[in-house]
Amino acid sequence: MLCFATTWQHTISTSVLTAPNRSRVLRRFAEWVARGAMDEPGEPPPSTPARRRLDTL
């Protein structure tokens, strides 16, 4: 399950995905992260755990 929220000027929005592994949009985003698109020098790379998670799906 994936739960997330965001704030707007006067409201709060929340969403829950009960099966995020079936979302093509999230899968494409995770593949992009796993390729190192968000890695920053001197910071722990998010690509490593993203790749590990994708390999288990």
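Analysis parameters
- Residues numbered from 1 in each chain as written.
- Predicted model: local features only at pLDDT ≥ 70, side-chain atom pairs only at ≥ 80, totals over all residues.
- Heavy atoms only, no water.
- Salt bridge = Lys/Arg side-chain N within 4 Å of Asp/Glu carboxyl O.
- Helix = DSSP H or I, 4+ residues; strand = E, 2+ residues; numbered from the N terminus.
- Buried < 20%, exposed > 50% of the residue type's maximum accessible area, 1.4 Å probe, protein only.
- 1 Å grid on protein atoms, 1.4 Å probe; cavity = no way out; pocket = protein on both sides within 12 Å on 5 of 7 lines; lining within 4 Å.
- Points joined across faces, edges and corners; volume = space filled by probe spheres on them.
- Nonpolar A, V, L, I, M, F, W, Y, C, P; charged D, E, K, R; others polar.

On inspection of all chains with the given rule, the structure shows three salt bridges. Put simply, Arg27 and Glu31 hold a salt bridge, and the shortest N to O gap is 3.3 Å. A residue pair is termed a helical-turn pair when its members lie 3 or 4 positions apart in one helix, as Arg27 and Glu31 do in helix α1 (residues 24-34) at four residues. Judged by its relative accessible area of 31%, Arg27 is partly exposed. Two residues, Arg51 and Asp55, come together in a salt bridge whose shortest N-O distance is 3.2 Å.

So, on to the layout of surface pockets. There is about 270 Å³ of room inside the largest pocket. Lining the largest pocket we find Leu2, Pro20, Asn21, Ser23, Leu26, Arg27, Phe29, Ala30, Ala50, Arg53, Leu54 and Leu57. Put simply, the parts of the chain that give the lining of the largest pocket at least two residues each are α1 and α2 (47-56). At four residues, the largest contribution of residues to the lining of the largest pocket is made by α1. Its residues assigned to classes, the lining of the largest pocket comprises eight nonpolar, two polar and two charged.

No statement about biological role is implied by the geometric values presented.
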